[in-house]
Amino acid sequence: MDVSYIKRIGLYLLLAISALALIASIVYHAFEGISDDLELTFLKSVEVSNDVEMEAYLCTSEHSITSKSGSDGALIEYVYGDKAYVSIGDTVVRAYSGENDPATLDKIDALEKNIAFYKKADEYSSRRSVEQLKQGIEKCEKNIPIASSQKEETALREELRVLLAAYSAKMDATVNFQKLIKDCESEINKARTSLGKVKAEYKSDVNGAYFSQCDGYEGMITPSNLDGTLDELYGALSEKKQAETIPALGKVVEMNTWYLVCRTDRETSLRMVKGNVLNVTLESSGKVCKMTVDRVVSERERDEAIVIFKSSLMLECDDYTHFQTVKISLGTAKGYKIPTGAVRYENGVAGVYVLRGSLVRFRQVEIVGAFDGYVVLSPTVSEVKEGLTALNRYDRVIVRGHNLYDRKVII
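Residues numbered from 1 in each chain as written. Predicted model: local features only at pLDDT ≥ 70, side-chain atom pairs only at ≥ 80, totals over all residues. Heavy atoms only, no water.

Okay, the overall build of the protein chain next. Per the secondary structure count, the protein chain includes seven helices and 19 strands. Here the C-alpha atoms of the protein chain give a radius of gyration of 36 Å, more than 25% beyond the 22 Å that 2.2 N^0.38 yields for 411 residues. For the protein chain, the share of sequence-separated contacts (at least 6 apart) that also reach a separation of at least 24 residues comes to 78%. Working note: accessible area of the protein chain is about 24000 Å², and carbon and sulfur atoms make up 51% of it. (Helix = DSSP H or I, 4+ residues; strand = E, 2+ residues; numbered from the N terminus. Rg over C-alpha atoms; globule rule 2.2 N^0.38 Å. Contact = heavy atoms within 4.5 Å. Areas by Shrake-Rupley, 256 points an atom, 1.4 Å probe, with all protein chains shown as cover.)

Structure follows, in structure tokens:
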């Protein structure tokens, strides 16, 4: 037997086994690397709301009511309460001698509220049938426990009181709202007579609203300085400087034209175009208003920006507050939803990496919506750069991976 021949055969066999083991090891670690380093996803079409939030200052033409000489220490009557719409010439504040009992004004206020209640109940009683009133009562009683807010519950309870009073008048002919109203008016006249002569009277000089309280921010930004620089506007919103003295007699506000001066960043401001009409949700009341982009203030190389919205629809009293967060609706975004980290940039072009067989390819994309942790990609690209290809509906997008580049071969 040729021993040297057998040794050679054994050596060849050992080398073959070692080679197979090495190949197996390479293949194993290659696929192990793929499972560890690559995460793929198929594209799914979505439609999401494209909203952004901004901190805003509500800007209107407004001025405080200044005390007249001799009215210091006077008993003050806020004719319209905390807030109300007023017209030019309406008396909004009266000052009486400080020697009067403040409880007299509280009595007048309560009587005026009673008159408003009786008038509404009288209207319901004269215009609605017994069956309609019963249906209204049942509806209120059903909706009160499921009211969505304290404000809604209070309104429903007040409506229920009026309906019950109107129903009582239908069932009892002795209930006479007109007489009750006249009795209240008589009591008010007696109370006013006891207060004596009015020392000072303040009238509204605008068609708008009266507010009994000032917050000290009335002149921080006015319609006359909305053309200020980025530093002036952004600085005012950031500093929130309050007036040193706050008038005690309230203010009148012109409510027909008003603005929202919003603090944001440059990237967000680029999505706003002057003249665009957008839906803006006010934090103070939850109301959605259609507002026009009046001005966009930004500068190259700076992240800060200001967007100013304008409305010519009358502002409601419940919507009015100087500082509030607003939500701007930029419509809906339709396309493919992927994690933000999956978007890469090559030579300034936005795109994603996809896996085609074992080959990594770069696909150009257009982002139509950016949200918390993900973006929405347009199904099409308006202009594909030379040498690139747009994303395809059936591409497998690489959402996680290391050291990726176009045409990289994955073993």
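The discussion continues.
Moving on, we come to the pairing of strand S11 (residues 304-311). Here S11 lies mainly inside the structure; six of its eight residues are buried. Alignment of strand S8 (residues 251-265) against S11, held across eight bridges, turns out to be antiparallel. Paired with Trp258 across the two strands is Ser311, which belongs to S11. Where strand S10 (residues 288-298) meets S11, six bridges bridge the pair, whose relative direction is antiparallel. (Buried < 20%, exposed > 50% of the residue type's maximum accessible area, 1.4 Å probe, protein only. Pairing = 2+ DSSP bridges.)

The next point concerns empty space enclosed by the protein. Per the counting criterion, the structure on display carries one cavity of 30 Å³ or more. Every residue lining the largest cavity is listed: Tyr336, Gln364, Val365, Glu366, Ser378, Pro379, Thr380, Val381, Ala390 and Leu391. Here the residues of the lining of the largest cavity sort into six nonpolar, three polar and one charged. (1 Å grid on protein atoms, 1.4 Å probe; cavity = no way out; pocket = protein on both sides within 12 Å on 5 of 7 lines; lining within 4 Å. Points joined across faces, edges and corners; volume = space filled by probe spheres on them. Nonpolar A, V, L, I, M, F, W, Y, C, P; charged D, E, K, R; others polar.)

Further remarks concern the layout of surface pockets. Space inside the largest pocket adds up to approximately 600 Å³. In terms of lining residues, the largest pocket is bounded by 16 residues, among which Tyr80, Gly81, Asp82, Asp109 and Lys113 are the most central. Here the lining of the largest pocket gets seven residues from one element, more than from any other, and that element is helix H2 (residues 103-127). Of the residues assigned to the lining of the largest pocket, the class counts are eight nonpolar, one polar and seven charged.

Turning next to helix H4 (residues 150-171). Between its first and last C-alpha, H4 extends 32 Å over 22 residues, near the 32 Å set by a 1.5 Å rise per residue. Those residues of H4 lying buried are Leu156, Glu159, Leu160, Val162, Leu163, Ala165, Ala166 and Ala169. Residues of H4 that are buried make contact with H2, helix H3 (130-143) and helix H5 (177-195). (Expected span 1.5 Å × (residues − 1).)

As a further point, take the nonpolar core. Core analysis: the largest hydrophobic core is formed by 27 residues, its most contacted members being Leu105, Ile108, Tyr118, Tyr124, Leu163, Phe177 and Leu195. Mapped by element, the contributors of at least two residues to this core are H2, H3, H4 and H5. Counting residues per element, this core draws most heavily on H2, which supplies eight residues. Excluding residues within four positions of it along the chain, Leu105 makes contact with Leu75, Ile76, Glu77, Tyr96 and Leu195. Phe211, Leu278, Val307 and Ile328 belong to the second-largest nonpolar core, a separate cluster that totals 25 residues. (Core = buried A, V, L, I, M, F, W, Y, C linked by side-chain atoms within 4.5 Å.)

Another aspect to go through is the sheet that holds strand S6 (residues 200-203). The three strands lie next to each other as S3-S5-S6, forming an open sheet whose pairing is antiparallel. Whereas interior strands pair on both sides, the edge strands pair on one side only; in this sheet they are strand S3 (75-78) and S6. Direction aside, neighbouring strands of the sheet carry axes that sit 15° apart on average. Direction of pairing for strand S5 (residues 91-96) relative to S6: antiparallel, over a ladder of four bridges. Following the sheet pairing, Arg94 is matched in S6 by Glu201. (Axes fitted to C-alpha atoms, helices over the stretch in contact; angles between N-to-C directions.)

To continue, consider the environment of Cys289. Take Cys289: it is sitting in strand S10. Owing to a relative accessible area of 8%, Cys289 belongs among the buried residues under this scheme. It is 9.9 Å that separates the C-alpha atoms of Cys289 and Val277, two residues lying 12 residues apart in sequence. When sequence neighbours within four positions are dropped, the list of residues in contact with Cys289 reads Trp258, Leu278, Asn279, Val280 and Leu282.

Evaluation of the coordinates by the stated rule reveals 27 salt bridges. A salt bridge links Arg192 to Glu77, with the shortest nitrogen-to-oxygen separation between them at 2.7 Å. Of this pair, Arg192 sits in helix H5 while Glu77 sits in strand S3, placing them 115 residues apart in sequence. Salt-bridge contacts for Lys151 lead to Asp318; the nearest nitrogen and oxygen are separated by 3.0 Å. Note that Lys151 is positioned in helix H4 and Asp318 in the loop between S11 and strand S12 (323-339), a separation of 167 residues in sequence. Relative accessible area serves as the criterion here: at 57%, Lys151 is assigned to the exposed category. Within the structure, one salt-bridge network assembled from shared partners comprises Glu77, Arg94, Glu112, Arg192, Glu201 and Lys203. (Salt bridge = Lys/Arg side-chain N within 4 Å of Asp/Glu carboxyl O.)

Just distances and angles here, no functional claims.
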